[in-house]
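Remarks on the overall topology
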Amino acid sequence: MNQSVVIHFPKGISLVIKREDLIHPFVSGNKFRKLKYNLLQAKTENQSCLLTFGGAFSNHIAAVAYAGKEHGFQTIGIIRGEELVTKIESNPTLKFAQECRMQLEFVSREDYRLKTELPFLEQLEKKFGSFYLIPEGGTNALAIKGCEEILTNEDVDFDYIGCAIGTGGTISGIINSALPHQKVLGFPALKGDFLQDEIRNFVQNENWELITDYHFGGYGKINSDLVEFINWFFEQTQIPLDPVYTGKMVFGIVDLIEKNYFPENSKILVIHTGGLQGIQGMNLKLKNKGLPTINTHD
């Protein structure tokens, strides 16, 4: 189902990439984990429709669209930004979701902020009928239950576990299943410290730390240094990294190794959470700015 790749560094430090992105061709990595028990719960509740939220290049939107098609659900995606309604054909993520028969509903950024408010959700139910709600990014208690299955008995020898963070669900599951001698390092893709409190809502352990120096300006922000690193890493390992999550995390881990953050002979496990579908959209942005793009093949 998944394969790991080992990279050796000076001072006996080893870095292992756990390829969760290979679990499924379209519902990859943490999205597969997050949806597993939610799909089962939707079936238990006899719901035939999944409704969720996301932005223009959302991995979560793409994953829910495909998973819904694969498991026989209707899907509705509430998309942030009314202006995108005319840009589906030029947006790889939205086009893919629509091809998976997801119904796309575009709302203003102002309305999108109401995504957790009961009156707004009731309006959506009036418009679309009954649905099983999956939050933006997929994070809820059932998602965390799925993410607790990322670590297995094969991972007991690692000292550190690295994970990229969007909404905090994946790292919460990893923290819950990590062993007492293991430290979990989270690399947020967003600016700000609000994720500390979000994660604390879901975890029982204190064996974790957020490393907030590698967001490259915030969610979806990228520069030529990061593109160069992702391309260098691919040349060295043949492992593609996405520019929003895993690229920033692996950049951060390698930088911390070079800065002697890790003790000698540390064994580091990095979780590749997928998100590779976002590369196509990011490359369109980079081309438009006349910047180098991300390589995805030899």
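Please refer to the structure higher up on the page.
Here the structure is a predicted model, which is why all the values come from computation and not from measurement.

Regarding the overall build of the protein chain
Counting its secondary structure elements, the protein chain contains 11 helices and 10 strands. Taking 298 residues into account, the globule formula puts the C-alpha radius of gyration at 19 Å, and the protein chain, at 19 Å, falls close to it. Every one of the 298 residues in the protein chain was classed for burial, and the buried ones make up 55%. Considering only residue pairs separated by 6 or more positions, the protein chain has 71% of its internal contacts joining residues 24 or more positions apart.

Quick word on the packing of aromatic side chains
Applying the stated rule across the entire model yields 13 aromatic pairs. Ring centres of Phe216 and Phe251 lie 5.0 Å apart, and the angle between their planes is 80 degrees; on these two criteria the pair is classed as edge-to-face. One end of the pair, Phe216, is in the loop between β9 (208-210) and α9 (224-237); the other, Phe251, is in helix α10 (residues 246-258), with 35 residues separating them in the sequence. Members of the aromatic cluster, each reached through a chain of ring pairs, are Phe187, Tyr214, Phe216, Phe229, Trp232, Phe233 and Phe251.

Here we look at the pairing of strand β10 (residues 267-271)
For a regular strand, side-chain orientation follows a simple rule: the groups alternate between the two sheet faces. Taken across its five residues, β10 has four buried, putting it largely inside the fold. Of the pairings in the sheet, the one linking strand β2 (residues 14-18) to β10 comprises five bridges and is parallel in character. Residue Ser14 lies in a different strand from β10, and its bridge partner there is Lys267. In this structure, strand β7 (residues 160-165) lies alongside β10, joined through three bridges in parallel fashion. Bridge pairing in β10 links Ile161 to Leu269.

Overview of the pattern of salt bridges
Taken as a whole and assessed by the stated rule, the structure comprises 11 salt bridges. Linking Lys18 and Asp155 is a salt bridge whose minimum nitrogen-to-oxygen distance equals 2.6 Å. Taken together, the residues Lys18 in strand β2 and Asp155 in the loop between α6 (141-147) and β7 connect sequence positions 137 residues apart. There is no split in this pair, since Lys18 and Asp155 are both buried. Between Glu149 and Lys36 there is a salt bridge, and its shortest N-O distance comes to 2.9 Å. Separated by 113 residues along the polypeptide, Glu149 in the loop between α6 and β7 and Lys36 in helix α1 (residues 30-44) bring together distant segments of the chain. Among the ionic contacts, a cluster of salt bridges with common partners joins Arg80, Lys115 and Glu136.

Procedures and definitions
- Residues numbered from 1 in each chain as written.
- Predicted model: local features only at pLDDT ≥ 70, side-chain atom pairs only at ≥ 80, totals over all residues.
- Heavy atoms only, no water.
- Helix = DSSP H or I, 4+ residues; strand = E, 2+ residues; numbered from the N terminus.
- Rg over C-alpha atoms; globule rule 2.2 N^0.38 Å.
- Buried < 20%, exposed > 50% of the residue type's maximum accessible area, 1.4 Å probe, protein only.
- Contact = heavy atoms within 4.5 Å.
- Phe/Tyr/Trp six-rings, centres within 6.5 Å; stacked < 30°, edge-to-face > 60°.
- Pairing = 2+ DSSP bridges.
- Salt bridge = Lys/Arg side-chain N within 4 Å of Asp/Glu carboxyl O.

Shape descriptors only; they carry no functional weight alone.
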